[in-house]
Amino acid sequence: MAPPLRPNAVAFISPQNHPILIRTFEKGDELKYHYVAHTSLDVIEERINGPTKSNDCYLGLLYAMDDIAAYGYITPLKMKIVLALPLTDSIVRDAEVIMTFKALHLAYYHASSNPFIRLHDTPTGVGSAKWKRFRQKIDEISRAASGGSVP
């Protein structure tokens, strides 16, 4: 049995390639995961515009760097989600990663479909108090993935 996923960070990136939320689950490495999110954009653009275009939302392993493996997902509306996992010798099952991405996508969908909340209603956007439930849902998904299942 493979060990559960332990996400280090998750990044939500707008269709215009602006980071909406970069949520880290390890203290002290916030800047590192901003770098991971931004470098993932190049690989994502290459995959969606490359010669082997796919209609699949899951982009798979984008790249591995030092102790991080970055996985990508793009929604039908071109919202990009990047998941940073620790690089270990254990096997990462695509099915578990896909389930995690789908849960993250659904959490974003529910948060953004609220008519009383606009994505960029403050300079901090998703960092504002109005998006607290969304950030809590991201944390719940991370804990569930660490336990082996996604809600």
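Just so it is clear, the structure is predicted and the values come from calculations on it, not from any experiment.

1. Notes on helix α1 (residues 30–49)
Here α1 is 20 residues long and its end C-alpha atoms lie 29 Å apart, about the 28 Å a rise of 1.5 Å per residue gives. Within the span of α1, buried status applies to Tyr33, Val36, Ala37, Ser40, Leu41, Val43 and Ile44. Those residues of α1 hidden inside the fold are in contact with β1 (9–13), β2 (19–24), β3 (58–65), β4 (68–74) and β5 (80–86).

2. Topic: the packing of helix α2 (residues 94–112) against helix α3 (residues 132–147)
Packing of α2 against α3 brings their axes to within 10 Å, and their N-to-C directions diverge by 165°. The pairing of α2 with α3 is recorded here as roughly antiparallel in orientation. Every pair of crossing elements has a handedness; the one defined by α2 and α3 is right-handed. Two secondary-structure elements touch here, α2 through Thr100, Ala103, Leu104, Ala107, Tyr108 and Ala111 and α3 through Phe134, Lys137, Ile138, Ile141 and Ala145. When the residues that make up the contact of α2 with α3 are grouped by side-chain class, the tally is nine nonpolar, one polar and one charged.

3. Quick notes on the environment of tyrosine 108
If you trace the backbone, tyrosine 108 turns up in helix α2. With 26 residues separating them along the chain, tyrosine 108 and phenylalanine 134 place their C-alpha atoms 7.0 Å apart.

4. Observations concerning the pairing of β1
A regular strand places its side chains on the two faces of the sheet in alternate fashion. With five of its five residues buried, β1 lies for the most part within the structure. Going residue by residue along β1, you find Ala9, Ala11 and Ile13 tucked away on one face and Val10 and Phe12 tucked away on the opposite face as well. Of the pairings in the sheet, the one linking β1 to β2 comprises five bridges and is antiparallel in character. Bridge assignment links valine 10 to a residue of β2, and that residue is arginine 23.

What counts, and at which threshold
Residues numbered from 1 in each chain as written. Predicted model: local features only at pLDDT ≥ 70, side-chain atom pairs only at ≥ 80, totals over all residues. Heavy atoms only, no water. Helix = DSSP H or I, 4+ residues; strand = E, 2+ residues; numbered from the N terminus. Expected span 1.5 Å × (residues − 1). Buried < 20%, exposed > 50% of the residue type's maximum accessible area, 1.4 Å probe, protein only. Contact = heavy atoms within 4.5 Å. Axes fitted to C-alpha atoms, helices over the stretch in contact; angles between N-to-C directions. Parallel < 35°, antiparallel > 145°, perpendicular 65-115°, else oblique. Left-handed = near helix turned anticlockwise from the far one by under 90°. Nonpolar A, V, L, I, M, F, W, Y, C, P; charged D, E, K, R; others polar. Pairing = 2+ DSSP bridges.

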